[in-house]
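Here is how the chains run, residue by residue.
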Amino acid sequence: MKLEVVDLSDNTNLWGTPPAARSCMHDASSRVSRYPSPYSADLKRAIAAYVGAGAEDVVVGCGSDDVLDSAMRAFAAPGDSIAYSTPTFSMIPVLARLNGLLPAEVPLRDVDHGYDIDADRLLDACAKIIYLCAPNNPTATPISREALVHVIQNAAGLVILDEAYAEFAGISYIDLATRHEHVLVTRTLSKAFGLAGLRVGYGVGAPELVSFVERARGPYKVSAPAERAALAALAMGDDGVGWVETHVQLARDTRERFRRELMTLGLDPLPSSANFILVPHTAAESLGARLRRDGVLVRVVTGLPESIRAFAAANGNALRIGVGPWPLMLRALELLGSALS
Ligand code: PMP
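Residues numbered from 1 in each chain as written. Predicted model: local features only at pLDDT ≥ 70, side-chain atom pairs only at ≥ 80, totals over all residues. Heavy atoms only, no water.

Draft legend 1. The site of the ligand, seen in detail. Taken together, 13 residues form the shell around the ligand, and within it Ser64, Asp162, Tyr165, Thr188 and Ser190 come nearest. Measuring from an oxygen atom of the ligand, one finds a side-chain N or O atom of Asn137 at 2.8 Å. Within the side chain of Tyr165, a nitrogen or oxygen atom sits 2.7 Å from an oxygen atom of the ligand. About the coverage of the ligand: the protein hides 91% of its 400 Å² of free accessible area. A per-element tally of the shell around the ligand places helix α3 (residues 63-75) first, with three residues. A class-by-class count of the residues in the shell around the ligand yields four nonpolar, five polar and four charged. (Near = heavy atom within 4 Å. Polar contact = N/O pair within 3.5 Å; in protein donor to acceptor, adjacent residues only side chain to side chain. Areas by Shrake-Rupley, 256 points an atom, 1.4 Å probe, with all protein chains shown as cover. Helix = DSSP H or I, 4+ residues; strand = E, 2+ residues; numbered from the N terminus. Nonpolar A, V, L, I, M, F, W, Y, C, P; charged D, E, K, R; others polar.)

Quick look at the structure:
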């Protein structure tokens, strides 16, 4: 019998895709002989309405990876540095390297500071770009408004705030992007909106700033089917944004229930503001391998900074587990329970 694989490793929406986006994909093939609009004007308007900004404050891209990459190209030159917290989104060092940027890594603060960013040490790096992520991947922890404002007020260059998981936190700092000329907030339709395969991300910031990012990005980065599906997902109503809101709430409830169950197994998960949970454990690699053998994929994270006590106690190792429908979580819990006993 074929083993059904449960993939809890990439933090996508395991409940699926808004029905409005799914149904408009059916007739997408009739339109692919033509180019999409070069800079996705309709999509920018829809995103602006969703986040409460103006269309001139929005840049879109082929996933938010593309927006992050374009922002690095637009605001830093090879040999410049980029400061970011560790641990953070694993693509940041990769994109930094591709753009010839020098990483300045600053560990997050410990649990007594809510795993907040270390604002002063990030600023001390005097980097051309400071990258922040809230909720942070892989810790799922937020950034305090106080620390964020401190960074923004004192940064020497661009501040990027990656809000890929903001819907699950219920907190967004987009207001700071539209009020400061050197702040770019990036978001994505890959997570709460369930469209990871279509690759749609966006950035919000002051008009001049986003136009620099857009020029570094170039035209035709969002395909016509992707733009249509994104517009459908962003439309009001139960099949679009309503579906997203309902499933974000479900993800939040499931996350808390799953976290409680992890604790009853004797594990010590970090608190989560996202749709995944980080569970420090010395034996994360062998636990991850054991789960994989039985068809449940989770992300094994290693090399976590040991200045944080929970990570030091786990030799820098952890599992990052995505949250989805409860039967999937139950399967992960059962396997973890038997692996730990
Ligand atoms: N930022 C963070 C923090 C992420 O975790 C991810 C996806 N793993 C992305 C950005 C990129 O998302 P996408 O390119 O699919 O928009």
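Draft legend 2. Quick peek at the pairing of strand β2 (residues 58-61). The alternating pattern of β2 places Val58 and Val60 on one face and Val59 and Gly61 on the opposite face, and all of these are buried. Across four bridges, β2 lies against strand β8 (residues 201-204) in antiparallel orientation. Its bridge partner being in β8, Val58 is matched across the sheet by Val204. (Buried < 20%, exposed > 50% of the residue type's maximum accessible area, 1.4 Å probe, protein only. Pairing = 2+ DSSP bridges.)

Draft legend 3. Expanded view of helix α12 (residues 284-293). Inspection of α12 places Ala284, Leu287, Gly288 and Leu291 among the buried residues, and these make up the whole buried set. Projected onto a plane normal to the axis of α12, the buried residues spread over an arc of 100° and lie on a single side. In α12, those exposed residues whose orientation departs by more than 90 degrees from the buried face are Glu285 and Arg293. Where α12 is buried, its residues touch β10 (296-297), β11 (299-301), β12 (318-322) and α14 (326-340). Where α12 terminates, the next one or two residues include Gly295, which has phi positive at roughly 90°. (Arc of directions from axis to C-beta. Contact = heavy atoms within 4.5 Å.)

Draft legend 4. Just the sheet that holds β12, in detail. The three strands are arranged β9-β12-β11 in an open sheet whose pairing can be described as antiparallel. One side of each edge strand has no neighbouring strand; the edge strands of this open sheet are β9 (276-280) and β11. Ignoring which end each strand starts from, the neighbouring axes of this sheet average 25° apart. Across the sheet, helix α11 (residues 241-264) lies against β9 and β12, angled at about 15° from β9, the strand it touches most. (Axes fitted to C-alpha atoms, helices over the stretch in contact; angles between N-to-C directions.)

Draft legend 5. Summary view of the pairing of β9. Most of β9 is tucked away: five of the five residues are buried. Residues Phe276, Leu278 and Pro280 point to one face of β9 and Ile277 and Val279 to the other, with burial holding for every one of them. In the sheet, β9 pairs with β12 via five bridges, with the strands oriented antiparallel. Within β12, the position partnered with Leu278 by the bridge is Arg320.

Draft legend 6. Inspection of the side chain of Arg187 at higher detail. With respect to the helices, strands and loops of the structure, Arg187 is situated in strand β7 (residues 183-188). Overall, the relative accessible area of 7% leaves Arg187 in the buried class. At 2.9 Å, the side chain of Arg187 and the side chain of Glu163 are in polar contact. There is a polar contact of 3.0 Å between the side chain of Arg187 and the side chain of Ser172.

Draft legend 7. Molecular detail of empty space enclosed by the protein. Per the stated rule, a full pass over the model turns up two cavities of 30 Å³ or more. For the largest cavity, the calculated volume is near 70 Å³. Surrounding the largest cavity, 15 residues form its lining, Ser85, Leu108, Ile117, Cys133 and Asn136 being those nearest its centre. Of all the secondary structure elements, the ones that give two or more residues to the lining of the largest cavity are β3 (81-86) and β5 (129-133). Sort the elements by how many residues they give to the lining of the largest cavity and β5 lands first, with three residues. Its residues assigned to classes, the lining of the largest cavity shows nine nonpolar, five polar and one charged. Every residue along the wall of the second largest cavity is listed here: Thr12, Asn13, Leu14, Trp15, Phe168, His247, Ala251, Asn275 and Val323. Grouping the constituent residues of the lining of the second largest cavity by class yields five nonpolar, four polar and no charged. (1 Å grid on protein atoms, 1.4 Å probe; cavity = no way out; pocket = protein on both sides within 12 Å on 5 of 7 lines; lining within 4 Å. Points joined across faces, edges and corners; volume = space filled by probe spheres on them.)

Draft legend 8. Unusual backbone geometry, seen in detail. For the bond from Thr86 to Pro87, the omega torsion is -5°, close enough to zero to count as cis. Examined against the element boundaries, Pro87 turns out to sit in the loop between β3 and α4 (91-98). Not every positive phi belongs to a glycine, and Asn11 is a case in point at roughly 60°.

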